[in-house]
Amino acid sequence: MASVLIINGPNLNLLGQRQPEVYGTTTLADIEMACARHAETLGLDISCTQSNHEGALIDVIHGAKGVHNGLVINAGAYTHTSIALMDAVASVELPMVEVHLSNIHAREAFRHVSYLSKVAIGQICGFGPKGYLMALDALAERITPK
Ligand code: DQA
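Residues numbered from 1 in each chain as written. Predicted model: local features only at pLDDT ≥ 70, side-chain atom pairs only at ≥ 80, totals over all residues. Heavy atoms only, no water.

### Quick word on the overall build of the protein
Here is the rule: Strands are runs of DSSP state E lasting at least 2 residues, helices are runs of H or I lasting at least 4, and numbering of each runs from the N terminus. As a reference, a globule follows 2.2 Å times the number of residues to the power 0.38, and the radius of gyration itself is taken over C-alpha atoms. Accessibility here uses a 1.4 Å probe with only protein chains present; expressed as a share of the type maximum, an area under 20% marks a residue as buried, one over 50% as exposed, and anything in between as partly exposed. Only heavy atoms enter the contact rule, under which two residues are in contact if any of them lie within 4.5 Å. All accessibility values rest on the Shrake-Rupley procedure with a 1.4 Å probe; residue burial counts only the protein chains present in the view. The sign given to each residue is positive for Lys and Arg and negative for Asp and Glu; His and the chain ends receive no count. By convention, charge coordinates are those of NZ in Lys, CZ in Arg, CG in Asp, or CD in Glu.
Helix and strand content of the protein: five helices and five strands. Going residue by residue from the N terminus, the α and β elements of the protein occur as β-α-α-β-α-β-α-β-β-α. The C-alpha atoms of the protein give a radius of gyration of 14 Å, which matches the 15 Å a tight globule of 146 residues would have. Judged by the C-alpha coordinates and their principal axes, the protein covers about 40 × 30 × 25 Å. Taken across its 146 residues, the protein has 45% of its residues classed as buried. Looking at the protein alone, contacts between residues at least 24 apart form 76% of all its contacts between residues at least 6 apart. Here the protein has roughly 7,000 Å² of accessible surface; of this, 54% comes from carbon and sulfur atoms. Computing the positive centroid from 9 side-chain charges and the negative centroid from 13, the protein places the two 5 Å apart.

Next comes the structure, spelled out in structure tokens:
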């Protein structure tokens, strides 16, 4: 069975309490549970991980090579700053879908730039938690055997 690793970056462990007017009231645990349920319907195996540390996120991406078939990444604020995360994704050569709960293009100018987009098959933003499920749909089309 094809396997997808869902990676969440800094401050996303606080979903549910963090700026609910921007990010909603759904917790990360709720999102991961919804992803697990959705993955089952798609015939995908998923694993989920979260870290507030850039280096730890890079290690997780490196570790995905040869283990997982695709990545879903919400890198939080590292999206807008981290060339290192972009390079890590490019290095492992796995299809990656970038997700953001909020519409980063409708927010502050510094959020309009995404280094990760340069190595993503696509970006989903502005749909809240549903974006993770949409990302799984997009990856399933790429990586599940026909
Ligand atoms: C975010 C958007 C980022 O700009 C922000 O730094 C986050 C969350 C989102 O999911 O909307 O931490 O990635």
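### Points about the packing of helix 2 (residues 28–42) against helix 5 (residues 130–143)
The description of two packed helices rests on the angle between their axes and on the distance between the axes. This is how the line gets drawn: The convention used is that axes are lines fitted to C-alpha atoms, helices contributing only their stretch in contact, and that angles between N-to-C directions extend from 0 to 180 degrees. The cut-offs work like this: below 35 degrees is roughly parallel, past 145 is roughly antiparallel, 65 to 115 is roughly perpendicular, and the gaps in between are oblique. Crossing handedness is read from the near helix: turned anticlockwise from the far helix by less than a right angle, it gives a left-handed crossing, and turned clockwise, a right-handed one. Amino acids outside the nonpolar list (Ala, Val, Leu, Ile, Met, Phe, Trp, Tyr, Cys, Pro) and the charged list (Asp, Glu, Lys, Arg) are all regarded as polar, and Gly is one of them.
Close contact between helix 2 and helix 5 brings their axes to 9 Å; oriented N to C, the two are set at 30°. Regarding the angle of helix 2 to helix 5, the classification is roughly parallel. In this structure, helix 2 meets helix 5 at a crossing whose hand is right-handed. Across from I31, A34, C35, H38, A39 and L42 in helix 2, the residues of helix 5 making contact are Y132, L133, L136, D137 and A140. Of the residues belonging to the contact of helix 2 with helix 5, the class tally is nine nonpolar, one polar and one charged.

### Re the pairing of strand 4 (residues 96–100)
Selection rule: For two strands to count as paired, DSSP must find a minimum of two bridges between them.
Extensive coverage of strand 4 is indicated by the burial of five of its five residues. Burial along strand 4 is two-sided: the residues M96, E98 and H100 and V97 and V99 are all buried. Across three bridges, strand 3 (residues 70–74) lies against strand 4 in parallel orientation. Residue pairing for strand 4: I73 is matched across the bridge by E98.

### Section: the site of the ligand
Using the following cut-off: Near, as used in this document, describes a residue that has one of its heavy atoms within 4 Å of the molecule or strand being considered. For this analysis, a polar contact is any N or O atom pair within 3.5 Å, provided that within protein one partner can donate a hydrogen and the other can accept it, and provided that sequence-adjacent residues contribute only side-chain to side-chain pairs.
In the vicinity of the ligand, the residues found are R18, Y23, N74, G76, A77, H80, H100, L101, S102, I104 and R111. Contact between the ligand and L101: an oxygen atom at 2.8 Å from a main-chain N or O atom of the residue. When the free accessible area of the ligand is taken as 320 Å², the share hidden by the protein chains comes to 99%. Among the residues forming the shell around the ligand, the class breakdown is four nonpolar, five polar and two charged.

No statement about biological role is implied by the geometric values presented.
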